[in-house]
Amino acid sequence: MLKDGFLKISMHYIIMNSKTDVAKRELIRGPALEVLVPRSRGMPFDEALRIAEQGRRVIASNARISKALVGSEEWRSISDVFACWTGTMTAYAKPGEKLGATIEYVDPETEQKWVFPVPKQFVGMKDVILVAEHPDYTLEKDGKNLVVQAGAVDVVENFPVRNQVWYLADAKHGIPQGDEVSGNDGNARYLWRIDSRVGPARRGYYFDRLDDYGRRGVGLGDGPSGGFGVAVEAPEGGAEKTAPPASVEKAPEGKKVLIEVSGVSAGEMKTLLGRFAQDLGRLGDVAKDELLEAGRKLAEVLGAASLKE
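Given the structure is predicted, the values throughout are model-derived calculations rather than measurements. (Residues numbered from 1 in each chain as written. Predicted model: local features only at pLDDT ≥ 70, side-chain atom pairs only at ≥ 80, totals over all residues. Heavy atoms only, no water.)

Asker: Quick question: what am I supposed to make of the pattern of salt bridges here?
Answerer: A pair can form between side chains of opposite charge whenever their charged atoms are brought close. Applying the stated rule across the entire model yields ten salt bridges. For the salt bridge of Glu 233 with Arg 29, the shortest nitrogen-to-oxygen distance reads 3.0 Å. With a gap of 204 residues between them, Glu 233 in strand β16 (residues 229–234) and Arg 29 in the loop between α1 (19–24) and β3 (32–37) connect regions that are remote in the sequence. Judged by its relative accessible area of 15%, Glu 233 is buried. For Asp 212, the salt bridge goes to Arg 216, with nearest N and O atoms at 2.6 Å. Of this pair, Asp 212 and Arg 216 both sit in helix α4 (residues 212–216), separated by four residues, roughly a single helical turn. For Arg 216, a relative accessible area of 6% translates into the label buried. (Salt bridge = Lys/Arg side-chain N within 4 Å of Asp/Glu carboxyl O. Helix = DSSP H or I, 4+ residues; strand = E, 2+ residues; numbered from the N terminus. Buried < 20%, exposed > 50% of the residue type's maximum accessible area, 1.4 Å probe, protein only.)

Below you can see the structure in the form of structure tokens.
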């Protein structure tokens, strides 16, 4: 609302610097799925996460993608996304090795080190996998490391040692666990793992085929730098139905509309707007245009307004 010629707005949704910001934002959620990043424009997970968070989107979990892939034809509505990253972040140590204060993994493609701090109650456990679901975590730079800062972490025990074998999955996260089972069991999941890893679960495709192995396979062995698609939660009918279009009241004739942003000077605001517009342009190369519409409109409104010096 306009008051004394000033339009006061919050930039909280544009600039996100901490996991506190993630928790406070009003996220777009729902029972449906939609493609945020198609596999044809696949990208490393950290980049995909940044795009999702800028758009207030929740990356679909491993369990949610499994529901679409197994026993359902829902996957056909998002077929462009496969193979895809999920929002299920995981970390596990070498077989038989007890957990210490952190689990660390170096992506062989980029030599980027990923670090997952181990909650105290899980230190000393072995043959387990730690799980955090988006949006309950963020990735934070700590020097040259990427640290998974999770607000909620679960442990799935009896994480299998053998790779490329069928197992039943835990009920909450859909992570393979326990003893080997027959692939004839429709509830079985095919596990890909390595010695030790930190990274999100991947779903879809088995040697470029979305066959039974591809639909029921849970990839926990890929480096996070791999270029995969991303699906996000969506309300029934699409994300655009979550809120009415924004409107800005016009200033009285002959008066300027000024913007006050607490803690940000006019010069800094102009610089941020320029960077925001550039980021939107780059995002347009990888994300669907309709998912960036709100951001572009906001940039236009702010860019057209006069900043208080």
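Asker: How do you make sense of unusual backbone geometry when you look at a structure like this?
Answerer: Among all residues except glycine, the phi angle is most often negative; among peptide bonds, the trans geometry is most common. Each neighbour pair has its own omega, and for Phe 82 with Ala 83 the value is 0°, a cis peptide bond. By secondary structure assignment, the location of Ala 83 is in the loop between α3 (62–69) and β4 (84–92). That bond from His 134 to Pro 135 is cis: its omega, 15°, falls within 30 degrees of zero. Structurally, Pro 135 is set in the loop between β7 (128–133) and β8 (137–142). Within the chain, Arg 56 stands out as a residue other than glycine whose phi angle is a positive 60°. Its place among the elements puts Arg 56 in the loop between α2 (45–54) and α3.

Asker: Explain the sheet that holds β8 here, please?
Answerer: Adjacent strands of a sheet pair through backbone hydrogen bonds, lying either parallel or antiparallel. Pairing is mixed in the open sheet, where four strands are placed in the order β5-β6-β9-β8. With one partner strand each, in any of the chains shown, β5 (102–106) and β8 form the two edges of the open sheet. Taken over all neighbouring pairs, the strand axes of this sheet differ in orientation by 25° on average, direction set aside. In terms of strand pairing, strand β6 (residues 113–117) meets strand β9 (residues 145–150) through three bridges, oriented parallel. In the strand pairing of β9, Val 115 is matched with Val 147. Against the sheet, α2 makes contact with β6, β8 and β9, and its axis sits at roughly 120° relative to β8, the strand it touches most. (Pairing = 2+ DSSP bridges. Axes fitted to C-alpha atoms, helices over the stretch in contact; angles between N-to-C directions. Contact = heavy atoms within 4.5 Å.)

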